[in-house]
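# What the coordinates show
Next come the chains, spelled out residue by residue.
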Amino acid sequence: MTPRPFRLPQALVYWLSLCLALAGCGPAPTPTPTVTPTPEPRPTAAPTAAITFGEGLAVQISGQSYQPKALRVAAHSLVTWTNADPEEHSITQGEPGNRSGFDSGILEPNETFTFTFDEPGDYPYFCRIHNEMRGLVRVTE
Ligand SMILES: [Cu+2]
């Protein structure tokens, strides 16, 4: 009778080492899903950044629009609006429902309105007759 006391342990060792080897290698790593970083939403540019300022000291009112819509002037500048439209308009500081400061009154066609801006700051204005007409004077130091 052939002694076979080691067969089982040898097989056990074999399987154990195989298991250890496999465990050492570990299961095939689960591929990590590639996470595409969600781009951070860009902050919307402030509306003021989009303003294109005209130069000079004159604003024409034409086609129910102030031209330029935004004007940048130095302090103590005298700005003149001319109504080049065939209809009445106004140059009224503030916004509809929140008026303040200068007001041309009703400006007939071809009439002008002047105002001196002494204090630096932003002066939004509108037309009392056509509330969608908006303008801005930015007064710098
Ligand atoms: Cu108007």
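Structure: see above.
Below, the structure is looked at part by part. Remember, predicted model here, so these are calculated numbers, not experimental data.

## Re the coordination of the copper ion
Within the protein, the copper ion binds to His89 (ND1), Cys127 (SG) and His130 (ND1); these donor distances fall in the range 2.0 to 2.1 Å. On the primary sequence, the residues serving as donors to the copper ion are separated as H-x37-C-x2-H. Here His89, found in the loop between β4 (77-83) and β5 (92-95), pairs with Cys127, found in the loop between β8 (121-126) and β9 (134-140); they are 38 residues apart in sequence, far enough to count as distant.

## A look at the pattern of salt bridges
Enumeration over the complete set of coordinates arrives at three salt bridges. Note that Asp103 is salt-bridged to Arg99, the shortest N-O span being 3.1 Å. Residue Asp103 is classed as partly exposed on the basis of its relative accessible area of 28%. A relative accessible area of 46% places Arg99 in the partly exposed class. The partner of Arg138 in a salt bridge is Asp122, with the nearest N and O atoms 2.7 Å apart. In this pair, Arg138 is assigned in strand β9 and Asp122 in strand β8, connecting sequence segments 16 residues apart. Judged by its relative accessible area of 39%, Asp122 is partly exposed.

## Some words on the sheet that holds strand β1 (residues 58-61)
Reading across from one edge, β2-β1-β4-β7 is the order of the four strands in this open sheet, with mixed pairing throughout. If you trace the sheet from one side to the other, it starts and ends with β2 (66-67) and β7 (112-117), each paired once.

## Structural notes on the nonpolar core
Counting residues in hydrophobic clusters, the biggest one holds 19 residues, and the most contacted among them are Tyr66, Trp81, Ile91, Phe117, Tyr125 and Val137. Taken together, the elements giving at least two residues each to this core come down to β1, β3 (70-74), β4, β7, β8 and β9. With residues near it in sequence (within four places) discarded, Val137 still touches Leu71, Val73, Trp81, Phe117, Gly121, Asp122, Tyr123 and Tyr125.

What counts, and at which threshold
- Residues numbered from 1 in each chain as written.
- Predicted model: local features only at pLDDT ≥ 70, side-chain atom pairs only at ≥ 80, totals over all residues.
- Heavy atoms only, no water.
- Donors = N, O, S within 2.8 Å, 3.2 Å for Na, K, Ca; no water.
- Helix = DSSP H or I, 4+ residues; strand = E, 2+ residues; numbered from the N terminus.
- Salt bridge = Lys/Arg side-chain N within 4 Å of Asp/Glu carboxyl O.
- Buried < 20%, exposed > 50% of the residue type's maximum accessible area, 1.4 Å probe, protein only.
- Pairing = 2+ DSSP bridges.
- Core = buried A, V, L, I, M, F, W, Y, C linked by side-chain atoms within 4.5 Å.
- Contact = heavy atoms within 4.5 Å.

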